[in-house]
Amino acid sequence: MIHTPLPRLDCHPEIRKTLLEYCRLQPGEVWVDPLRGHRVGCGDATHAGHIRQLMGDERAQLAIHDPPYNLVAFEERPPADFIEWCRKWVQLTLKYLSDPAALYIWMGADQTDGFQPLPEFMLLMREFPELTSRSLITLRNQRGFGTPHNWMSVRQELLYYTKGKPPFTAQYTAIPKVLRGYYKTIKGRRTENLERSKSNTLRASNVWVDIQQVFYRMQENVSGCYAQKPLQATERIILASSREHERVIDFFAHAGTTLIACERLNRQCFTTDIDPVYSELTIRRLEHYRQTGLTGWQHQNPFTPLEIT
Ligand SMILES: C[S@@+](CC[C@H](N)C(=O)[O-])C[C@H]1O[C@@H](n2cnc3c(N)ncnc32)[C@H](O)[C@@H]1O
């Protein structure tokens, strides 16, 4: 079984049920990492008690949330209900963010349904006067969906807000700078952009085209997960918007990407998922990384053969 990948767990409730037996956390419980103090909860992002249990008296300098988007691949509900649900976890996030802090939220837009819920979510975020909108980033996926009768949909939207004035460190892609030009006169001398720049590669902009979408052949793949974000994207956010030893929160853990990124970049992560199976996968991914140096299981099974027969 170890060489058999888990299928998408959201589509296989019977396998999910089998795995529940091997999950360490019950709803409302929190696992504390004995080595570096990361915390993984099994809790509801909108439940004040669960989030209090996760956070205690601590605050975070960065939040990276990737909630279900209310569209393809997720349970759908009327946009107004979805936004009411979002309001609750945004409020709890703000309560546990320090000042200053940065907040990143992945959000979808359904082109077959008025682009909901992205615009509604943006309007919701305007209700919080402590937040300043900073950037709308688009991550380009390699695979898309749709028919030849419309533009193929390959985008993932990432909203960036700040509370106060947190640090921001520019990040660089691996894409070499090739275009000359953008001449500017500095101290009476005409300079060309390559000689002015700090790097020979392009600075990451608000359109990310250089990050590979996770698929089953990548080492970081966690079989059973259906919505895993690339480690490279998460690490880019963390490097841009936090310092070493700071704390990062993520209330929608799933495959535990934020936790692994924090471990690798020397930050502390407090994360939670409503589903005990994803909380368990998140803890296992950290343990597996520490044992093997691998960031995921590629297409192998995160549960051992003893557990699933
Ligand atoms: C899009 S996935 C997050 C993916 C994650 N960024 C990663 O890279 O693996 C959303 C996750 O939110 C969880 N979730 C849904 N509703 C939740 C809630 N009310 N509280 C906490 N987690 C929830 C789901 O179980 C799912 O694992």
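In what follows, the accompanying structure is described. Each residue is numbered by its place in its chain's sequence as written, counting from 1. In keeping with the predicted nature of the model, local features appear solely for residues at pLDDT of at least 70, side-chain atom pairs appear and are counted solely at 80 or more, and the whole-chain, interface and lining totals rest on all residues.

### Points about helix α6 (residues 231-241)
Those residues of α6 not exposed but buried are Leu231, Ala233, Thr234, Arg236, Ile237, Ile238 and Ser241. Throughout, a pair of residues is in contact if the C-beta atoms placed from their backbones lie within 7 Å. Runs of E in the DSSP output that reach at least two residues are strands. Runs of H or I that reach at least four are helices, and both are numbered from the N terminus. Buried residues belonging to α6 abut β3 (60-65), β4 (97-107), β7 (131-145), β13 (207-208), β14 (247-250) and α7 (257-265). Whether a residue is buried, exposed or partly exposed follows from its count of other C-beta atoms within 10 Å of its own C-beta, namely 20 or more, 12 or fewer, or something in between, respectively; the C-beta atoms are built from the backbone.

### Observations regarding the nonpolar core
Note on terminology: a nonpolar core is a set of buried residues of type Ala, Val, Leu, Ile, Met, Phe, Trp, Tyr or Cys, with members joined through C-beta atoms within 7 Å. Within the largest apolar cluster, 55 residues are counted, with the highest numbers of intra-cluster contacts made by Ala60, Leu62, Ala63, Leu103, Tyr104 and Val248. Looking at which element gives the most residues to this core, the answer is β4, with 7 residues. Other than its neighbours up to four places away in sequence, alanine 60 contacts Tyr96, Leu97, Ser98, Ala101, Arg247, Val248, Ile249 and Phe270.

### Observations concerning the sheet that holds strand β2 (residues 39-42)
Pairing between two strands requires that DSSP report at least two bridges joining them. Spatially, 9 strands are ordered β1-β2-β15-β14-β3-β4-β8-β7-β13 in an open sheet, and the strand pairing comes out mixed. Taken across any chain shown, the strands that pair with only one partner, and hence form the sheet edges, are β1 (30-32) and β13. Where β14 and strand β15 (residues 268-273) come together, 4 bridges link them in parallel fashion. Pairing of arginine 247 across the sheet is with glutamine 268, part of β15.

### Some points on the packing of α6 against α7
Geometry is summarised by axes, namely lines fitted to C-alpha atoms with helices restricted to the contacting stretch, and by angles between N-to-C directions that run from 0 to 180 degrees. Axis separation between α6 and α7 bottoms out at 9 Å; the angle between their running directions is 55 degrees. Considering their axes alone, α6 and α7 lie oblique with respect to each other. Of the two possible hands of crossing, α6 and α7 adopt the one that is right-handed. The residues of α7 that touch α6, namely those facing Leu231, Thr234, Glu235, Ile238 and Leu239, are Thr257, Thr258, Ile260, Ala261, Cys262, Arg264 and Leu265. Partitioned by chemical class, the residues of the contact of α6 with α7 number 7 nonpolar, 3 polar and 2 charged. Each angle is binned into one of four classes, with values under 35 degrees roughly parallel, values over 145 roughly antiparallel, values of 65 to 115 roughly perpendicular, and all other values oblique. For a crossing to be left-handed, the near helix must be turned anticlockwise from the far one by less than a right angle; the clockwise case is right-handed. Residue polarity follows a fixed list, in which Ala, Val, Leu, Ile, Met, Phe, Trp, Tyr, Cys and Pro are nonpolar, Asp, Glu, Lys and Arg are charged, and the others, Gly among them, are polar.

### A word on α7
Of all 9 residues that make up α7, 7 are buried, and the element is covered over most of its length. Residues of α7 that are buried include every one of Thr257, Thr258, Leu259, Ile260, Ala261, Cys262 and Glu263, and no others. Packing partners of the buried residues in α7 comprise β2, β3, α6, β14, β15 and α8 (276-292). Backbone geometry just after α7 places asparagine 266 at a positive phi near 65 degrees.

Geometric descriptors of this kind do not, in isolation, establish any biological role.
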